[in-house]
2 protein chains.
Amino acid sequence: MAAHMPAEEFRRHGHEVVDWIADFLERVDTLPVVPEVKPGDILAMLPDRAPEQPEDFSVLMADLDRVVVPGLMGWQHPGFFAYFPGNISPPAVLAEMVTASLGQQGMMWSTSPAATEVEMKVLDWLVDLLGLPQDWKMAGPGGGVIQVSASDATHTALAVARHRAQEEAALDALVAYTSGQAHSSIEKGARVSGFRHLRLVEVDDQFAMRPDALERAINDDRAAGLTPAFVCSSIGTTGTTAVDPVRRIGELARKEGLWHHVDAAFAGSAMICPEFRHHQDGLELVDSYVFNPHKWLLTNFDCSVFYVADRQPLLKALSILPPYLRDSASKGADAVDYRDWHVPLGRRFRGLKLWWVLRSYGAEGLRDFIRSHISLAQSLAARVSDHPRLDLVAPVPFSLVCFRHSDGNEATRSLAEAINRSGHSYVTPSSIDDMLFIRVSIGQSKTDQEHVDRLWELVQANA
Amino acid sequence: MAAHMPAEEFRRHGHEVVDWIADFLERVDTLPVVPEVKPGDILAMLPDRAPEQPEDFSVLMADLDRVVVPGLMGWQHPGFFAYFPGNISPPAVLAEMVTASLGQQGMMWSTSPAATEVEMKVLDWLVDLLGLPQDWKMAGPGGGVIQVSASDATHTALAVARHRAQEEAALDALVAYTSGQAHSSIEKGARVSGFRHLRLVEVDDQFAMRPDALERAINDDRAAGLTPAFVCSSIGTTGTTAVDPVRRIGELARKEGLWHHVDAAFAGSAMICPEFRHHQDGLELVDSYVFNPHKWLLTNFDCSVFYVADRQPLLKALSILPPYLRDSASKGADAVDYRDWHVPLGRRFRGLKLWWVLRSYGAEGLRDFIRSHISLAQSLAARVSDHPRLDLVAPVPFSLVCFRHSDGNEATRSLAEAINRSGHSYVTPSSIDDMLFIRVSIGQSKTDQEHVDRLWELVQANA
């Protein structure tokens, strides 16, 4: 039998790791927000063969600083304004430590009652915290499950919709719809799940899907002998956090028999504050919904929450029962087997970190957190709006500010590059059609007024 | 801004958590291997609403013992002989702590050079460690990626195969093949990826796929106007660890133009020992391959390794490039953007734990570990074979022993129930056709002779 690390050694090394992490969290804002490495630099620091003999733990720790830290992107740096946030938090990190050590496989209720029921309960909590339809609770016809990413959840919705539609139509004829501003995961999920036809529906001047254009596209496809099967609305697109008219799209989807999925990956977390819930009006007309606590709700990746209004089509598409997975408890009305709620069979005990985050911050603490970012974004938007050489390119419903230099794409690109060269602030440039713009996504857990001010000084100095 | 836990408090609580984990790892074999709870028991211990105000960390810790521990399945208990193992190890747990705190999103090279390149290098190491084809290294036409689970990897293979085949054939006509003993993830992946037709090919008396039966099925389907597109071989089926004839299936797949995927989820880890590699003869004829270090190679879930012999069909099926993900480094020849290698966009820094496990145990240590389990299984198989009232139902190529009571299904079921009532040993009953049998999967990281002896005493006393 191979020698495992004895418990006392684990205890000692565990304390060392915790101390390293505590130091890292304190110094992360002194590291460059963008790593200064080229492709291949880290590969070149690593040997070409695994060692035959065990290496000492101190060597592994030393390599964290030597090899790993220089290649880290500043996702946990308060000057990170790129993409959307991917926040860790102290209670979520502590929960991940516990999850790793428990080594549970929650594929069925019986293979981990604790992992299953904590997840069920915490996802019920979120229904109330976010003002979602009560039918989505586990006692209702629907329910929630934690998936890896919004891409996985959206792909699941597409696969379920396709599976339902293929009962009456040819696979080759099925069509999915979303707006031209929707996240790439809808196109990818449609391709992976076997839709041959995806329509990127026209948006209005605020980058929200036009229901009239959707209706026209559906009619055109029916006239061409195709079968419309799925539509995805976005609450907060990735480009500009535009909000599609969920109610009107939902009414159309009901009338036309389409599965209606909502991607609220980033903005869904904001719904913990009642004042933003008008953006999710119409959710009772939705078949499935995803939002990511691992973006803006202080819960480590992976934690993407997927709700369905009715779990039957989901189970019909995904449930398979081989002999080695049969189990008496699974037949009970109360036992949920989460393997049937997504593609993977094995699954980590991810409910624990969400449970600990919700309890450590409390709902009030989380609302303060969301409001602070949105308030920072609103005041940055006002500054941009007042600046003679900058133009806002989209409304700011949440905490993403999109603007450009009034001199056009080249000036905008130079401005973004100047910001990203600073070493302390990082933004993602993006584009709509041929218009380049800068996305300032305010949502990193430690981002405060001083960090936005520092970014603004850079913008002013380079605009 | 919401109040985050200060670094010093994190440090203190981190030490508390590490101590709790060290104690847990020491006492896990004194806990019941199967939890003594009914569906709903844990739900009933949890309040119906999330708290408005923060709760103290000490309350969260207390709830670990009060709520969580009673609902844990003994995946980390040395008397766990059910399913396949799902092992944690001390270095992997320590690495998971670091991964959680770094909060990297490795969707592209540029969003985490460290996460990307450590993963690339470690998967190259495994090619040599396991005797896999050199073409599967990152410098070759193929390459490797860590996915969540074998179900995800197999689903990816199916989606890529379907995407390739649909260029020339109707989706409704595509057919996938695997043996009647293959894992349920192949059927599920086929359904999710949109195959209307899945053939479960006949097996021989050792439960391995019959190539002649596969060839006949392909011919029948072609004659019926369908398009064979995918075949999955298993190296170590879940039921009995049967090994399909990979070379012969590979030759047939090449001749017929099918994508050939190999599921070695459990048994792949054994290939670190050269003496078992005859079971993977023919891998140079394979298009994709999956095995799970999170089962039997001491690396925490999730860590499912997926290799392709040629990355082009994979990238063609899965790559999508929206404006906010465009990045100059990604255009370089060296930069790998792992988002294009699976369904999810976001991804954790999972290479770290594999790196730490390979270095902490060393290749020799891991070989000892695998050999110890296989040796325990061989001697258990010999005892079963010598017992007058027990029959082995399948060969034992690795460390899974399958047997039944000679009096038939009822006696076998009673025997399994007696074992599982013991509180210290847990097995999964399974069946092939109408024959019930007991699977004894020897692979938990701490399982040693004494635990197998204790199980054997139970078997003898109840047989």
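Scroll up for the structure.
Counting restarts for each chain, with residues numbered from 1 along the sequence as it is written. Naming scheme: in the order in which they are written, chains are lettered from A and ligands are numbered from 1. Only residues with pLDDT of at least 70 are given local features in this predicted model, and only at 80 or more are side-chain atom pairs given and counted; all residues enter the totals for whole chains, interfaces and linings.

## Looking at the packing of helix α12 (residues 409-421) of chain B against helix α13 (residues 449-462) of chain B
The relative placement of two packed helices comes down to the angle between their axes together with the axis-to-axis distance.
All names here are of chain B.
Okay, step 1: Here an axis means a line fitted to C-alpha atoms, over the contact stretch when the element is a helix, while the angle between two N-to-C directions is reported on a 0 to 180 degree scale. Numbering goes from the N terminus for both helices and strands, where a helix is a DSSP run of H or I of at least four residues and a strand is a run of E of at least two. Across the interface, α12 lies against α13 with an axial gap of 10 Å and an inter-helix angle of 135°. As judged from the angle between their axes, α12 and α13 are oblique. As for the relative orientation of α12 and α13, their crossing is right-handed in sense. Side by side, α12 and α13 meet where Leu 415, Ala 418 and Ile 419 of the first sit next to Leu 455, Leu 458, Val 459 and Asn 462 of the second. Small angles under 35 degrees read as roughly parallel and large ones over 145 as roughly antiparallel, with 65 to 115 read as roughly perpendicular and the rest as oblique. In a left-handed crossing the near helix is turned counterclockwise from the far helix by less than a right angle, and in a right-handed crossing that turn is clockwise. We call two residues in contact if the C-beta atoms placed from their backbones are at most 7 Å apart.

## Quick notes on the sheet that holds strand β9 (residues 390-392) of chain A
Residues and elements named next belong to chain A.
Okay, step 1: In spatial order, the strands read β1-β11-β12-β10-β9; together these five strands make up an open sheet with mixed pairing. Among the strands making up the open sheet, the edge pair consists of β1 (80-81) and β9.
Okay, step 2: Pairing of strand β11 (residues 426-432) with strand β12 (residues 435-441) involves five bridges; the strand directions are antiparallel. Bridge pairing in β12 links Pro 429 to Ile 438.
Okay, step 3: Seen against the sheet, helix α13 (residues 409-421) touches β10 (400-405), β11 and β12 and runs at an angle of roughly 30° to β12. Here, a strand pair is defined by DSSP locating no fewer than two bridges between the strands.

## Brief notes about the interface of chain B and chain A
Okay, step 1: Taken together, the 131 residues of chain B in the interface contact 131 residues of chain A.
Okay, step 2: Top contributing element to the side of chain B that touches chain A by residue count: helix α1 (residues 7-27) of chain B, with 14 residues.
Okay, step 3: Any residue outside Ala, Val, Leu, Ile, Met, Phe, Trp, Tyr, Cys, Pro, Asp, Glu, Lys and Arg is labelled polar, Gly included; the first ten of those are nonpolar and the last four are charged. For the side of chain B that touches chain A, the residue count by class is 68 nonpolar, 38 polar and 25 charged.

## Describing the packing of helix α1 (residues 7-27) of chain A against α1 of chain B
Okay, step 1: Two elements in contact, α1 of chain A and α1 of chain B, have axes separated by 9 Å at closest approach and are oriented at 155°. By the criterion of interaxial angle, the relationship of α1 of chain A to α1 of chain B is roughly antiparallel. In this structure, α1 of chain A meets α1 of chain B at a crossing whose hand is right-handed. In this structure, α1 of chain A contributes Ala 7, Phe 10, Arg 11, Gly 14, His 15, Val 18, Asp 19, Ile 21, Ala 22, Leu 25 and Glu 26 of chain A to the contact, and α1 of chain B contributes Ala 7, Phe 10, Arg 11, Gly 14, His 15, Val 18, Asp 19, Ile 21, Ala 22, Leu 25 and Glu 26 of chain B.
Okay, step 2: Its residues assigned to classes, the contact of α1 of chain A with α1 of chain B shows twelve nonpolar, four polar and six charged.

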